[in-house]
Amino acid sequence: MSNDTVLRILHVLNRFDRGGLESRIMDLYRKLNISKYQFDFYIESGEHGEFDDEAKQRGAVIYYGTGNHIRNIPDFRAFSTFIAVCEYKYICAYNQWSGWYLREAYKKKIPYRIAGSVTSLTNSSVKNVVKNIVKKNSNRYANCRMAVSELSARWLFGNKEYDSGHVKILPNAIDSRMFVYSEEIRRAVRKSLGLTAKFVLVHVGNIRKVKNQEFILRVVAELADRGKNVHFLSVGKESVGEGSLEQLKCTAEKLGISGKVSFLGYREDVSDILQAGDVFVFPSLYEGFPGAVLEAEASGLPCVISDSITQEVVVASNVKRLPLDRGAAYWADEILKTESTDRKEGHKNVIAAGYDVNESVKKVESYLEKTKDFAPFV
């Protein structure tokens, strides 16, 4: 697609749903000066997503691939056919498959081939071993390397590339003003959900094994055993092939806490749900730089997160990073020790740390402005 006045950047995504990566891209896109820069999207799964309509309204062109091969392997032949006739100067692809997409862009001599790392892996499952092998093409075919944190940079690109300064760090960023604490919203949401007298734990994340929601259920059971009038709000939809809502419900029933858990599914009012909470719980097995934690911090919520999550995401004093191997009872003890601060100050911590999207979009536009008139060695 050719346009003399607007610089178009193609993002390669599996599906444009409300996951962490996609939400952060959309946060940036909403602030982008679309009279000068435009995001387009290649959707490898061929499936329509929750952000498609909004992106199209902002002028994005969305191309739908032919779908993934067996075991979620993308169809690179379809992408190769597509890339042969497109006219993009910038292509962004993410995580372990980025190098395979950028290889096709390299063959086409597309000048800016951006590999982005938004996760980090710390366990040794067969699936992650495969990812660690697949990712090797990222260094070979990318000529711009970006990551949301040091951990994610080292995972995708390796220690040598990171230590040599070859990776640009662009942390996830949020529109922190959307999460400014409101006592009125808190009271209204708690009343509507029947939580007026409850000690409310909140988790935001699609139902996936890596998010470790089952661990939270065990923590809830521990708190209930201590006589705490606890209730858990889980915000996020089921991820096909990666987690089971039914299994979580069965676990809650076995633990005797079914009445203390609400699976809210996908919500557009996440900022309001955070207002209603007392503690944000996020025991992920691994993460790159979770925007959900930033959102909770912006709302002023005390946060208890796993220590496998990068320290860089901690911008407030009321955040605890705990080891998962200490177990649910230890986590319950630490949650009971959390202390609330002035929640109205939460969003200021995010801004001061440089994680507000209004600052991030300036960095993105500055990079595009500096590079648009010349091409690097391809």
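As a reminder, the structure under discussion sits directly above these lines.
Being a predicted model, the structure only gives us computed values, none of them experimental. (Residues numbered from 1 in each chain as written. Predicted model: local features only at pLDDT ≥ 70, side-chain atom pairs only at ≥ 80, totals over all residues. Heavy atoms only, no water.)

Another aspect to go through is helix H13 (residues 291-298). By the criterion of burial, H13 is predominantly enclosed, with eight of the eight residues buried. Along H13, the positions that sit buried rather than exposed are Gly291, Ala292, Val293, Leu294, Glu295, Ala296, Glu297 and Ala298. Gly300 lies just past H13 and shows a positive phi near 85°. (Buried < 20%, exposed > 50% of the residue type's maximum accessible area, 1.4 Å probe, protein only. Helix = DSSP H or I, 4+ residues; strand = E, 2+ residues; numbered from the N terminus.)

This paragraph deals with the pairing of strand E9 (residues 230-235). The buried count for E9 comes to six of six residues, which makes it a mostly enclosed element. Here E9 shows two buried faces, one formed by Val230, Phe232 and Ser234 and the other by His231, Leu233 and Val235. Two elements, strand E8 (residues 199-204) and E9, share six bridges in a ladder whose sense is parallel. Considered in E9, the bridge of His203 is made with Ser234. (Pairing = 2+ DSSP bridges.)

Moving on, we get to the pairing of E8. For E8, the buried fraction is high: six of the six residues fall into the buried class. On E8, burial covers both faces: Phe199, Leu201 and His203 on one face and Val200, Val202 and Val204 on the other are all buried. Pairing of E8 with strand E11 (residues 279-282), which is carried by two bridges, proceeds in the parallel orientation. In the strand pairing of E11, Val202 is matched with Phe280.

Turning to the side chain of Asp17, a few remarks are in order. Along the chain, the position of Asp17 falls in the loop between strand E1 (7-13) and helix H1 (20-31). A polar contact of 2.9 Å, which involves the side chain of Asp17, links it to the backbone nitrogen of Glu50. Aside from chain neighbours lying at most four places away, what touches Asp17 is Glu22, Gly49, Glu50, Phe51 and Lys237. (Polar contact = N/O pair within 3.5 Å; in protein donor to acceptor, adjacent residues only side chain to side chain. Contact = heavy atoms within 4.5 Å.)

Strand pairing in a sheet is mediated by backbone hydrogen bonds. Such pairs are either parallel or antiparallel. With parallel pairing, six strands are arranged side by side in an open sheet as E10-E9-E8-E11-E12-E13. Strands with a single pairing partner mark the edges of an open sheet, and in this sheet they are strand E10 (261-265) and strand E13 (319-322). For this sheet the average axis-to-axis angle between neighbouring strands, irrespective of direction, equals 20°. Each of E8, E11, strand E12 (303-306) and E13 touches H13; the most contacted strand, E11, lies at about 170° to it. (Axes fitted to C-alpha atoms, helices over the stretch in contact; angles between N-to-C directions.)

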